[in-house]
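Breakdown of the fold
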Amino acid sequence: MLQYLCQFHRARHRRATDYSGEAQGLKPLTDVMRVPIRLDLRDYAQWASSTAAAVEAKSAVAKKQARTAVPSRFGNDGWPQLERYIADQIGKNGGARKFRVDDLSTLLATEPVLLALDGLDEVANLKHRDRVASEIVRTGVRLGADAHNLVIVVATRPGMTTSPLWSSTEFPVFHLQKLTAGLRLQYLQRWTMVAELTQETAGKLLRTFLEHESLPHIRDLASYPMQLAILLHLLHRRGLLPQQRTELYSEYVQTFLDREQTEERNHFSRRTVMSSRTSTPFLGGTFSNRLRALAALAISPGPILSSS
């Protein structure tokens, strides 16, 4: 979602017609063209923790000789301010020109800006996640004071709530709803186009999906774009049938872990991955047996007593 928002504003600055939303039936809500800045919060957390550790080590040596104050570019808890990371990333990826925090302040004071902060849930260290969330709240206060028109959007998966953000009145919470049947169909058609499937292959995949989308496990695996993309991958490239529920769940978990274990997204340890691969079938079998047992109890005659 954040990638789409950033590409939408980028396309408007380039006077391109991409990402207009017309293909999805979206209506224009604003005429404001924002400068999009997208950051991966997992990368920020790694950079900030390493930077803070290095500064703490230097401070420990310096304090043996004289008392030193915490540098102003750090937060009260010694966590590097988000503005430093933004300037650092733009400077590294923006060509030969240097980009400093003062340049960021000028940009924010003169242009509408979208600050898209992605993947808060992917900060694996819970303490670091809380510090990142706290820094986001503080950043909003600092930048909002002089910004011309700033919008900060933070994305996280369901269940990954952090009190600093959820308790802040400056960050209203929006929940991404499950895909409707119509959106699933649109996504499937776009997916077949991007995958460059032949008309015959695309038609076969479409028929297979439509014939089985009412199955509970297919409906669950097609709830959100990432899940639907993995499901279509399994149905098409792996040749799995929708009726193969156990195989679909197993391959889905495998594909998801493979995706998360790429070099750019490597935030699971090998031990965690192996544990997930072995425990998932066990949990699935346990839940399935429990459900069957409950179903049998539900149709049993007479009263049922439980000592659990």
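Residues numbered from 1 in each chain as written. Predicted model: local features only at pLDDT ≥ 70, side-chain atom pairs only at ≥ 80, totals over all residues. Heavy atoms only, no water.

The grouping of Met 1, Leu 5 and Leu 176 at the surface amounts to a nonpolar patch, some 310 Å² of accessible area in total. Topologically, Leu 5 is positioned in helix α1 (residues 2–13). Assessed through its relative accessible area of 31%, Leu 5 is described here as partly exposed. (Patch = residues over 30% accessible without salt bridge, like charges linked within 9 Å, V, L, I, M, F, W, Y side chains within 5 Å. Areas by Shrake-Rupley, 256 points an atom, 1.4 Å probe, with all protein chains shown as cover. Salt bridge = Lys/Arg side-chain N within 4 Å of Asp/Glu carboxyl O. Helix = DSSP H or I, 4+ residues; strand = E, 2+ residues; numbered from the N terminus. Buried < 20%, exposed > 50% of the residue type's maximum accessible area, 1.4 Å probe, protein only.)

What follows concerns empty space enclosed by the protein. Per the counting criterion, the structure on display carries one cavity of 30 Å³ or more. Of the pockets and cavities examined, the largest cavity occupies roughly 30 Å³. Looking at the largest cavity, the residues that line it are Ile 37, Ile 86, Leu 104, Leu 108, Val 113, Leu 115, Leu 143 and Leu 150. Among the elements of the structure, α4 (101–110) and β2 (112–118) are those that each provide at least two residues to the lining of the largest cavity. (1 Å grid on protein atoms, 1.4 Å probe; cavity = no way out; pocket = protein on both sides within 12 Å on 5 of 7 lines; lining within 4 Å. Points joined across faces, edges and corners; volume = space filled by probe spheres on them.)

Side-chain pairs of opposite charge can arise where the charged atoms are in close proximity. On inspection of all chains with the given rule, the structure shows eight salt bridges. Here Arg 42 makes a salt bridge to Glu 122, at a shortest N to O gap of 2.3 Å. Residue Arg 42 is located in helix α2 (residues 41–63), and its partner Glu 122 is located in the loop between β2 and α5 (126–146); the two are separated by 80 residues in the primary sequence. Between Arg 142 and Glu 135 there is a salt bridge, with the nearest N and O atoms lying 2.5 Å from each other. Accessibility expressed as a relative area gives 28% for Arg 142, which makes it partly exposed. Look at the salt bridges and you will find they share partners, linking Glu 83, Glu 135, Arg 138 and Arg 142 into a network.

Backbone geometry places Arg 15, a non-glycine residue, at a positive phi of 55°. The class for Arg 15 is exposed, based on a relative accessible area of 78%. In this model, Glu 196 sits at a positive phi of 60°, which is unusual for a non-glycine residue. Relative to the helices and strands, Glu 196 resides in the loop between α7 (181–194) and α8 (199–212). On the basis of relative accessibility, which here comes to 67%, the residue Glu 196 falls in the exposed class.

This part takes up the sheet that holds β2. Read across the open sheet, the three strands follow the order β1-β2-β3; overall the sheet is parallel. Each edge of the open sheet carries a strand with a single partner, namely β1 (35–40) and β3 (149–154). Within the sheet, the average angular offset between the axes of one strand and its neighbour, ignoring direction, is 15°. Sheet topology places β1 next to β2; six bridges connect them, and they run parallel. What sits directly across from Leu 39, in β2, is Leu 117. (Pairing = 2+ DSSP bridges. Axes fitted to C-alpha atoms, helices over the stretch in contact; angles between N-to-C directions.)

On to the nonpolar core. Judged by nonpolar contacts, the single largest core of 27 residues is most densely connected at Ile 37, Leu 39, Leu 41, Tyr 44, Leu 117 and Val 132. Elements with a contribution of two residues or more to this core: β1, α2, α3 (82–93), α4, β2 and α5. In contact with Leu 39, not counting residues within four places along its chain, are Leu 82, Tyr 85, Ile 86, Gln 89, Leu 115, Ala 116, Leu 117 and Asp 118. Among the nonpolar cores identified, the runner-up in size contains 18 residues, and Leu 179, Trp 191, Leu 205 and Tyr 252 belong to it. (Core = buried A, V, L, I, M, F, W, Y, C linked by side-chain atoms within 4.5 Å. Contact = heavy atoms within 4.5 Å.)

Bridging between β2 and β3 involves six bridges; their strand directions are parallel. In the sheet register, Val 113 faces β3, and the bridge partner there is Leu 150. Taking the sense of rotation as the criterion, the β-α-β connection linking β2, α5 and β3 turns out right-handed. (Right-handed = clockwise from strand over helix to strand, strands pointing away.)

Tallying each qualifying case throughout the model produces three aromatic pairs. An angle of 50° between the planes, with centres 5.2 Å apart, marks the rings of Trp 47 and Tyr 85 as tilted. On the criterion of sequence distance, the pair formed by Trp 47 in helix α2 and Tyr 85 in helix α3 is long-range, its members being 38 residues apart. For the pair formed by Trp 47 and Tyr 85, the shared burial category is buried. Taken together, the ring pairs connect Tyr 44, Trp 47 and Tyr 85 into an aromatic cluster. (Phe/Tyr/Trp six-rings, centres within 6.5 Å; stacked < 30°, edge-to-face > 60°.)

Here α3 contains 12 residues, and its C-alpha end-to-end distance of 17 Å stays within 8% of the 16 Å for a straight helix at 1.5 Å per residue. Listed in full, the buried residues belonging to α3 are Leu 82, Glu 83, Tyr 85, Ile 86 and Ala 87. Downstream of α3 by a residue or two, Gly 95 has a phi angle that is positive, lying close to 95°. (Expected span 1.5 Å × (residues − 1).)

Our next topic: α7. Taking 1.5 Å of rise per residue, 14 residues should cover 20 Å, and α7 covers 20 Å from first to last C-alpha, within 8% of that figure. Residues of α7 that are buried include every one of Arg 184, Leu 188, Trp 191 and Thr 192, and no others. The buried residues of α7 occupy one face: seen down the axis, they fall within an arc of 95°. Exposed and facing more than 90 degrees away from the buried side of α7 are Met 193 and Val 194. Of the surrounding elements, those touching the buried residues of α7 are α8 and α10 (225–236). Directly after α7, the chain includes Glu 196, whose backbone phi takes a positive value near 60°. (Arc of directions from axis to C-beta.)

Such coordinate-based values are descriptive only and should not be taken to indicate function.
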